[in-house]
Amino acid sequence: MLDLLTRAEAFAQPWADAYNNSSALQVGVTFAHIGGIVVAGGLALAADRATLRVARAPALIRGHHLDELGAGHRPVLIGLTVIFLSGVLLLGADVATYGPSWVFWSKMALVVALLANGALLTRAERRLRVAGHGSDHDWSALRRLALTSITLWLSIVFVGTILPTLSNVSSR
C-alpha cells in the first residue's frame, strides 16, 4: 500500500507544487468543490424533502413530483461531476496527508454509498412512473431512500469538514 501511495504522491507532485504555490488555484479548486456540494447537495436535499412531503399525498400530486424529480437529475449529476473533479485535484495537492487517512477513505465510502443510493432512488422513481404513480408501499420505499440520501449528504459534509484539519495537523 505504501508503494502505491509513494507512486501516487510522485505522480501528483507537479500538481501539488503548482497548487500549493498559487492562492488562485487554491481558491478556485476549493470554490469548485464547495460550490458543487452546495448546488448538487442543495438540489438533492430539496428534492428529498419534497419526496418526504408528497409520499402520502394524492396520486396527482405524486405524479407531478415524479416529473420534478426527473428534471432534477441532470443538474445534480453536473454538480457531482464538479465535486469529483475538484476532489481529485484536492487529493492530488496533498496525497501524503489524505492517501493514508481513514477519515478521507470514510468520506469516499460515504460518497460511494450516496451514488448507490442515488441509483436506487432513480430505479424506484422509474418503477413508480411505470406503475402509474405506484402503491403506498412503493412510495414508502422512495421515502426511505430520500431519508438515506439526506443522511448521506450531511454525513459527507460533516466528514469533509474534518479533512482540512488533517493537513493542519501534519504541517505542525
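Being a predicted model, the structure only gives us computed values, none of them experimental.

(A) The arrangement of the overall build of the chain in detail. Scanning the chain from N- to C-terminus turns up six helices and zero strands. Starting at the N terminus and ending at the C terminus, the chain contains elements arranged as α-α-α-α-α-α. C-alpha extents for the chain along the principal axes are approximately 60 × 30 × 25 Å. Burial statistics for the chain: of 172 residues in total, 34% are counted as buried. Summarising the internal contacts of the chain: among those between residues at least 6 apart in sequence, 77% fall at separations of at least 24. Counting every atom, the chain has about 10,300 Å² of accessible surface; 69% of that belongs to carbon and sulfur. If the 14 positive side-chain charges of the chain are averaged to one point and the 10 negative ones to another, these points end up 9 Å apart.

(B) Seen up close, a nonpolar patch on the surface. A cluster of nonpolar residues, Ile34, Val38, Val39 and Leu43, forms a patch on the protein surface that exposes about 350 Å² of accessible area. Among the secondary structure elements, leucine 43 is positioned in helix α2 (residues 23–54).

(C) Quick peek at the confidence of the model for the chain. Chain-level statistics for the chain give a pLDDT mean of 91 and a share of 95% at 70 or above. Put simply, helix α6 (residues 136–170) is where the chain has its lowest mean pLDDT, 89, and α2 is where it has its highest, 96.

(D) A look at the packing of aromatic side chains. All told, the structure shown has three aromatic pairs when counted by the stated rule. Look at tryptophan 15 and tyrosine 19: their rings are 5.7 Å apart centre to centre, the planes differ by 45 degrees, and that puts the pair in the tilted class. Placement of both tryptophan 15 and tyrosine 19 in helix α1 (residues 2–20) is noted, with a separation of four residues, approximately one turn of the helix. The exposure class assigned to tryptophan 15 is partly exposed, which follows from its relative accessible area of 23%. Given the relative accessible area of 10%, tyrosine 19 is considered buried. Ring pairing ties together the aromatic residues Tyr98, Phe104 and Trp105, which thus form one cluster.

(E) Representation of the packing of α1 against helix α3 (residues 59–93) in the model. With their axes 8 Å apart at the nearest point, α1 and α3 run at an angle of 95 degrees to one another. Considering the angle they form, α1 stands roughly perpendicular to α3. The segment α1 lies against α3, with Ala12, Trp15, Ala16, Tyr19 and Asn20 engaging Leu89, Leu90, Gly92 and Ala93. By residue class, the composition of the contact of α1 with α3 is seven nonpolar, two polar and no charged.

(F) Structural detail: helix α5 (residues 102–130). Between its first and last C-alpha atoms α5 spans 42 Å; for 29 residues at 1.5 Å apiece the expected length is 42 Å, and the two agree. Capping of α5 at its N-terminal end is provided by serine 101; its side-chain oxygen lies 3.1 Å from the backbone amide nitrogen of valine 103. Backbone geometry just after α5 places glycine 132 at a positive phi near 70 degrees.

(G) Region of the structure containing the environment of arginine 74. Position of arginine 74 among the secondary structure elements: in helix α3. Among the residues examined, arginine 74 registers a relative accessible area of 66% and is labelled exposed.

What counts, and where the lines are drawn
Residues numbered from 1 in each chain as written. Predicted model: local features only at pLDDT ≥ 70, side-chain atom pairs only at ≥ 80, totals over all residues. Heavy atoms only, no water. Helix = DSSP H or I, 4+ residues; strand = E, 2+ residues; numbered from the N terminus. Buried < 20%, exposed > 50% of the residue type's maximum accessible area, 1.4 Å probe, protein only. Contact = heavy atoms within 4.5 Å. Areas by Shrake-Rupley, 256 points an atom, 1.4 Å probe, with all protein chains shown as cover. Lys, Arg positive; Asp, Glu negative; His and termini not counted. Charge placed at Lys NZ, Arg CZ, Asp CG, Glu CD. Patch = residues over 30% accessible without salt bridge, like charges linked within 9 Å, V, L, I, M, F, W, Y side chains within 5 Å. Salt bridge = Lys/Arg side-chain N within 4 Å of Asp/Glu carboxyl O. pLDDT = per-residue confidence, 0-100. Phe/Tyr/Trp six-rings, centres within 6.5 Å; stacked < 30°, edge-to-face > 60°. Axes fitted to C-alpha atoms, helices over the stretch in contact; angles between N-to-C directions. Parallel < 35°, antiparallel > 145°, perpendicular 65-115°, else oblique. Nonpolar A, V, L, I, M, F, W, Y, C, P; charged D, E, K, R; others polar. Expected span 1.5 Å × (residues − 1). Polar contact = N/O pair within 3.5 Å; in protein donor to acceptor, adjacent residues only side chain to side chain.

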